[in-house]
Amino acid sequence: VGDLMRAEIAAGTRLGSELRAHAEAGTLAPNDVITSLLRPHLLQAARRSTSTYLVLDGYPRNKAQAQQLELLLVEALGRPNAAPTGTNVDLVLELQLRTDLLLRKAAGRQVCTGCGRGYNTVHIEESLRGIHMPAILPSQPGVCDQCGGTLASRVDDHPDIVARRLIDYHRVAGSILDWYRPKGVVRQLGVEASTDVCGPRIIEAVCRALCLPSP
Ligand SMILES: [Zn+2]
(Lines give C-alpha, C1' and ligand atoms only; values in the text may rest on other atoms or scores of the structure.)
Protein backbone atom coordinates (compact mmCIF):
# COMPACT_ATOMS: atom_id res chain seq x y z
CA VAL A 1 0.00 0.00 0.00
CA GLY A 2 2.98 2.31 0.66
CA ASP A 3 4.04 1.83 -2.98
CA LEU A 4 0.51 2.61 -4.21
CA MET A 5 0.61 5.80 -2.12
CA ARG A 6 4.01 6.82 -3.53
CA ALA A 7 2.79 6.13 -7.11
CA GLU A 8 -0.32 8.28 -6.49
CA ILE A 9 1.89 11.08 -5.11
CA ALA A 10 4.22 10.84 -8.14
CA ALA A 11 1.18 10.99 -10.48
CA GLY A 12 0.31 14.38 -8.91
CA THR A 13 -3.41 13.66 -8.48
CA ARG A 14 -5.55 15.43 -5.87
CA LEU A 15 -5.52 12.26 -3.78
CA GLY A 16 -1.72 12.20 -4.26
CA SER A 17 -1.20 15.73 -2.94
CA GLU A 18 -3.31 14.92 0.12
CA LEU A 19 -1.19 11.81 0.72
CA ARG A 20 2.02 13.82 0.25
CA ALA A 21 1.05 16.31 2.95
CA HIS A 22 0.58 13.44 5.43
CA ALA A 23 3.82 11.66 4.43
CA GLU A 24 5.83 14.85 4.92
CA ALA A 25 4.23 15.59 8.27
CA GLY A 26 4.68 11.97 9.41
CA THR A 27 0.96 11.61 10.09
CA LEU A 28 -1.20 8.75 8.88
CA ALA A 29 -3.57 9.61 6.03
CA PRO A 30 -7.29 9.56 6.95
CA ASN A 31 -9.09 6.22 6.55
CA ASP A 32 -11.38 7.25 3.70
CA VAL A 33 -8.42 8.61 1.69
CA ILE A 34 -6.64 5.25 1.99
CA THR A 35 -9.80 3.34 1.17
CA SER A 36 -10.37 5.49 -1.98
CA LEU A 37 -6.79 4.75 -2.99
CA LEU A 38 -7.13 1.02 -2.47
CA ARG A 39 -10.64 0.42 -3.85
CA PRO A 40 -9.93 0.41 -7.65
CA HIS A 41 -6.86 -1.81 -7.18
CA LEU A 42 -8.74 -4.28 -5.01
CA LEU A 43 -11.70 -4.49 -7.40
CA GLN A 44 -9.34 -4.91 -10.36
CA ALA A 45 -7.42 -7.69 -8.60
CA ALA A 46 -10.68 -9.49 -7.77
CA ARG A 47 -11.83 -9.18 -11.39
CA ARG A 48 -8.57 -10.73 -12.60
CA SER A 49 -8.99 -13.80 -10.42
CA THR A 50 -11.15 -14.91 -7.54
CA SER A 51 -9.12 -18.05 -6.88
CA THR A 52 -5.85 -16.42 -5.82
CA TYR A 53 -4.87 -14.65 -2.61
CA LEU A 54 -4.20 -10.94 -2.34
CA VAL A 55 -1.46 -9.73 0.02
CA LEU A 56 -1.96 -6.31 1.61
CA ASP A 57 1.10 -4.72 3.22
CA GLY A 58 0.55 -1.63 5.36
CA TYR A 59 -3.26 -1.83 5.31
CA PRO A 60 -5.55 -1.91 7.24
CA ARG A 61 -3.79 0.18 9.89
CA ASN A 62 -6.67 0.56 12.34
CA LYS A 63 -10.01 -0.93 13.25
CA ALA A 64 -12.03 1.50 11.08
CA GLN A 65 -9.92 0.58 8.02
CA ALA A 66 -10.35 -3.13 8.88
CA GLN A 67 -14.12 -2.63 8.84
CA GLN A 68 -13.94 -0.68 5.55
CA LEU A 69 -11.79 -3.50 4.12
CA GLU A 70 -14.56 -6.02 4.94
CA LEU A 71 -17.03 -3.92 2.91
CA LEU A 72 -14.53 -3.62 0.03
CA LEU A 73 -13.97 -7.39 0.06
CA VAL A 74 -17.71 -8.09 0.05
CA GLU A 75 -17.97 -5.77 -2.97
CA ALA A 76 -14.89 -7.23 -4.71
CA LEU A 77 -15.75 -10.87 -4.08
CA GLY A 78 -19.45 -10.39 -4.77
CA ARG A 79 -20.09 -12.31 -1.55
CA PRO A 80 -23.02 -11.12 0.51
CA ASN A 81 -21.74 -12.19 3.92
CA ALA A 82 -18.48 -12.53 5.76
CA ALA A 83 -16.84 -15.95 5.91
CA PRO A 84 -17.77 -18.22 8.89
CA THR A 85 -14.82 -16.77 10.86
CA GLY A 86 -16.54 -13.36 10.82
CA THR A 87 -14.02 -11.85 8.42
CA ASN A 88 -13.23 -12.16 4.72
CA VAL A 89 -9.53 -11.86 5.59
CA ASP A 90 -7.85 -15.28 5.76
CA LEU A 91 -4.67 -14.32 7.59
CA VAL A 92 -3.23 -11.37 9.52
CA LEU A 93 0.53 -11.75 9.85
CA GLU A 94 2.14 -9.60 12.54
CA LEU A 95 5.85 -9.17 11.81
CA GLN A 96 7.72 -8.56 15.07
CA LEU A 97 11.00 -6.67 15.38
CA ARG A 98 12.66 -5.06 18.41
CA THR A 99 12.16 -1.27 18.29
CA ASP A 100 15.86 -0.38 18.52
CA LEU A 101 16.66 -2.72 15.62
CA LEU A 102 13.79 -1.28 13.58
CA LEU A 103 14.97 2.30 14.16
CA ARG A 104 18.54 1.44 13.19
CA LYS A 105 17.44 -0.39 10.03
CA ALA A 106 15.03 2.40 9.03
CA ALA A 107 17.89 4.93 9.32
CA GLY A 108 19.96 2.88 6.84
CA ARG A 109 17.23 2.30 4.28
CA GLN A 110 17.82 3.50 0.70
CA VAL A 111 15.47 3.11 -2.23
CA CYS A 112 16.29 3.37 -5.95
CA THR A 113 14.57 6.40 -7.47
CA GLY A 114 14.46 4.55 -10.81
CA CYS A 115 13.09 1.05 -10.14
CA GLY A 116 12.18 1.14 -6.43
CA ARG A 117 14.62 -1.60 -5.38
CA GLY A 118 15.53 -1.40 -1.69
CA TYR A 119 18.99 -1.31 -0.08
CA ASN A 120 20.21 -0.88 3.50
CA THR A 121 23.56 0.47 4.72
CA VAL A 122 23.16 -0.71 8.34
CA HIS A 123 24.60 -4.06 9.44
CA ILE A 124 23.31 -5.57 12.70
CA GLU A 125 24.93 -8.64 14.25
CA GLU A 126 24.01 -9.96 17.71
CA SER A 127 25.19 -13.55 17.45
CA LEU A 128 24.39 -14.37 21.10
CA ARG A 129 20.72 -13.55 20.44
CA GLY A 130 20.80 -15.17 16.99
CA ILE A 131 20.14 -11.83 15.30
CA HIS A 132 21.72 -11.42 11.88
CA MET A 133 20.50 -8.51 9.76
CA PRO A 134 23.21 -7.75 7.21
CA ALA A 135 23.47 -4.55 5.16
CA ILE A 136 22.15 -4.75 1.59
CA LEU A 137 24.69 -2.72 -0.34
CA PRO A 138 24.93 -1.87 -4.05
CA SER A 139 28.28 -2.66 -5.73
CA GLN A 140 28.80 1.08 -6.19
CA PRO A 141 27.68 3.39 -3.34
CA GLY A 142 24.54 5.37 -4.19
CA VAL A 143 23.95 3.57 -7.52
CA CYS A 144 21.33 0.86 -8.14
CA ASP A 145 22.73 -2.51 -9.31
CA GLN A 146 19.54 -3.26 -11.20
CA CYS A 147 19.00 -0.11 -13.27
CA GLY A 148 21.87 2.31 -12.53
CA GLY A 149 19.42 4.73 -10.87
CA THR A 150 20.27 7.00 -7.93
CA LEU A 151 19.61 5.73 -4.39
CA ALA A 152 17.90 8.01 -1.89
CA SER A 153 16.45 7.86 1.61
CA ARG A 154 12.68 8.05 1.83
CA VAL A 155 11.36 11.23 3.42
CA ASP A 156 9.32 9.19 5.92
CA ASP A 157 12.41 7.16 6.97
CA HIS A 158 13.86 10.22 8.74
CA PRO A 159 14.48 9.15 12.40
CA ASP A 160 12.08 11.75 13.87
CA ILE A 161 9.33 10.71 11.46
CA VAL A 162 9.95 6.98 12.04
CA ALA A 163 9.72 7.54 15.81
CA ARG A 164 6.39 9.34 15.35
CA ARG A 165 5.08 6.66 12.96
CA LEU A 166 5.99 4.02 15.56
CA ILE A 167 4.03 5.78 18.29
CA ASP A 168 1.04 5.95 15.89
CA TYR A 169 1.56 2.30 14.96
CA HIS A 170 1.62 0.99 18.54
CA ARG A 171 -1.46 3.04 19.42
CA VAL A 172 -3.56 1.48 16.67
CA ALA A 173 -1.91 -1.94 16.11
CA GLY A 174 -3.24 -3.19 19.45
CA SER A 175 -6.80 -2.27 18.54
CA ILE A 176 -6.65 -3.88 15.10
CA LEU A 177 -5.06 -7.09 16.42
CA ASP A 178 -7.72 -7.19 19.16
CA TRP A 179 -10.34 -6.96 16.41
CA TYR A 180 -8.89 -9.82 14.32
CA ARG A 181 -7.65 -12.09 17.16
CA PRO A 182 -11.08 -13.49 18.21
CA LYS A 183 -11.65 -14.35 14.54
CA GLY A 184 -8.66 -16.72 14.78
CA VAL A 185 -6.72 -15.28 11.83
CA VAL A 186 -3.72 -13.62 13.59
CA ARG A 187 -0.23 -15.19 13.48
CA GLN A 188 3.03 -13.69 14.74
CA LEU A 189 6.44 -14.00 13.12
CA GLY A 190 9.82 -12.68 14.31
CA VAL A 191 11.80 -11.02 11.53
CA GLU A 192 15.15 -10.46 13.24
CA ALA A 193 17.10 -12.02 10.38
CA SER A 194 18.38 -11.29 6.89
CA THR A 195 15.88 -10.78 4.06
CA ASP A 196 16.89 -14.07 2.39
CA VAL A 197 16.00 -15.90 5.63
CA CYS A 198 12.85 -13.84 6.38
CA GLY A 199 11.38 -14.05 2.86
CA PRO A 200 11.05 -17.87 2.80
CA ARG A 201 10.05 -17.83 6.50
CA ILE A 202 7.14 -15.48 5.72
CA ILE A 203 6.08 -17.56 2.70
CA GLU A 204 6.21 -20.72 4.82
CA ALA A 205 4.13 -19.12 7.59
CA VAL A 206 1.52 -17.96 5.04
CA CYS A 207 1.36 -21.39 3.37
CA ARG A 208 1.04 -23.15 6.74
CA ALA A 209 -1.73 -20.83 7.94
CA LEU A 210 -3.70 -21.14 4.70
CA CYS A 211 -3.03 -24.91 4.37
CA LEU A 212 -1.32 -24.37 1.01
CA PRO A 213 1.59 -26.52 -0.18
CA SER A 214 4.96 -24.78 0.36
CA PRO A 215 6.42 -23.57 -2.96
ZN1 LIG B 1 17.04 0.73 -9.71
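Structural data are supplied above this passage.
Residues numbered from 1 in each chain as written. Predicted model: local features only at pLDDT ≥ 70, side-chain atom pairs only at ≥ 80, totals over all residues. Heavy atoms only, no water.

1. As for the overall build of the chain
Reasoning step 1: Per the secondary structure count, the chain includes 7 helices and 7 strands.
Reasoning step 2: Seen in sequence order, the chain has helices and strands lined up from the N terminus as α-α-α-α-β-α-β-β-β-β-β-α-β-α.
Reasoning step 3: Taking 215 residues into account, the globule formula puts the C-alpha radius of gyration at 17 Å, and the chain, at 18 Å, falls close to it.
Reasoning step 4: The C-alpha extent of the chain, read off along each of the three principal axes, is 55 × 45 × 35 Å.
Reasoning step 5: Counted over contacts in the chain with a minimum sequence separation of 6, partners at least 24 positions apart contribute 59%.
Reasoning step 6: When the accessible surface of the chain is summed, it comes to about 12800 Å², and 55% of that surface belongs to carbon and sulfur atoms.
Reasoning step 7: Across the chain, the centroid of the 24 positively charged side chains sits 3 Å from that of the 22 negatively charged ones. (Helix = DSSP H or I, 4+ residues; strand = E, 2+ residues; numbered from the N terminus. Rg over C-alpha atoms; globule rule 2.2 N^0.38 Å. Contact = heavy atoms within 4.5 Å. Areas by Shrake-Rupley, 256 points an atom, 1.4 Å probe, with all protein chains shown as cover. Lys, Arg positive; Asp, Glu negative; His and termini not counted. Charge placed at Lys NZ, Arg CZ, Asp CG, Glu CD.)

2. Overview of the coordination of the zinc ion
Reasoning step 1: With distances of 2.3 Å, the protein atoms coordinating the zinc ion are Cys112 (SG), Cys115 (SG), Cys144 (SG) and Cys147 (SG).
Reasoning step 2: Taken together, the 4 donor atoms surrounding the zinc ion define angles of 97 to 116° at the centre, an arrangement classified as tetrahedral.
Reasoning step 3: All donors of the zinc ion come from a single chain, and their spacing in sequence reads C-x2-C-x28-C-x2-C. Of the two residues, Cys112 sits in strand S2 (residues 109–112) while Cys147 sits in the loop between strand S5 (131–133) and strand S6 (151–152), which places them 35 residues apart along the sequence. (Donors = N, O, S within 2.8 Å, 3.2 Å for Na, K, Ca; no water. Tetrahedral: all angles 85-135°; square planar, octahedral: opposite > 155°, others 65-115°.)

3. Observations concerning the packing of aromatic side chains
Reasoning step 1: Applying the stated criterion to the full structure yields 1 aromatic pair.
Reasoning step 2: Between the aromatic rings of Trp179 and Tyr180, the centroid separation amounts to 5.1 Å while the plane-to-plane angle is 80°, which identifies the pairing as edge-to-face.
Reasoning step 3: Here the guanidinium or amino end of Lys183 rests over the ring plane of Trp179, the centre of that ring lying 4.2 Å away. (Phe/Tyr/Trp six-rings, centres within 6.5 Å; stacked < 30°, edge-to-face > 60°. Lys NZ or Arg CZ within 6 Å of the ring centre and 35° of its normal.)

4. A closer look at the sheet that holds strand S3 (residues 118–120)
Reasoning step 1: Within the open sheet, the 3 strands sit side by side as S3-S2-S6. Their pairing is antiparallel. Unpaired on one side and paired on the other, S3 and S6 mark the two borders of the sheet. (Pairing = 2+ DSSP bridges.)

5. Focus on the environment of Leu151
Reasoning step 1: The residue Leu151 is located in strand S6 in this model.
Reasoning step 2: The class for Leu151 is buried, based on a relative accessible area of 9%.
Reasoning step 3: In sequence terms Leu151 and Gly114 are 37 residues apart; their C-alpha atoms lie 8.3 Å from each other.
Reasoning step 4: Once you skip the residues sitting within four places of it in the chain, Leu151 turns out to touch Gln110, Val111, Cys112, Tyr119, Pro138, Gly142, Val143 and Cys144. (Buried < 20%, exposed > 50% of the residue type's maximum accessible area, 1.4 Å probe, protein only.)

6. Observations concerning the packing of helix H4 (residues 63–77) against helix H6 (residues 159–180)
Reasoning step 1: Contact geometry of H4 with H6 gives a least axis separation of 8 Å together with a crossing angle of 40°. Relative to H6, the element H4 lies oblique. Of H6, the residues touching H4 (which contributes Lys63, Ala66, Gln67, Leu69 and Glu70) are Ser175, Ile176, Trp179 and Tyr180.
Reasoning step 2: Split by residue class, the contact of H4 with H6 holds 5 nonpolar, 2 polar and 2 charged. (Axes fitted to C-alpha atoms, helices over the stretch in contact; angles between N-to-C directions. Parallel < 35°, antiparallel > 145°, perpendicular 65-115°, else oblique. Nonpolar A, V, L, I, M, F, W, Y, C, P; charged D, E, K, R; others polar.)

7. Description of the nonpolar core
Reasoning step 1: By size, the foremost hydrophobic cluster in this structure holds 22 residues, and its most contacted members are Leu19, Tyr59, Leu69, Val89, Val92 and Tyr180.
Reasoning step 2: Listed by contribution, the elements that provide at least two residues to this core are helix H3 (31–48), H4 and H6.
Reasoning step 3: The element contributing the most residues to this core is H3, with 5 residues. (Core = buried A, V, L, I, M, F, W, Y, C linked by side-chain atoms within 4.5 Å.)

These figures capture arrangement, not role.
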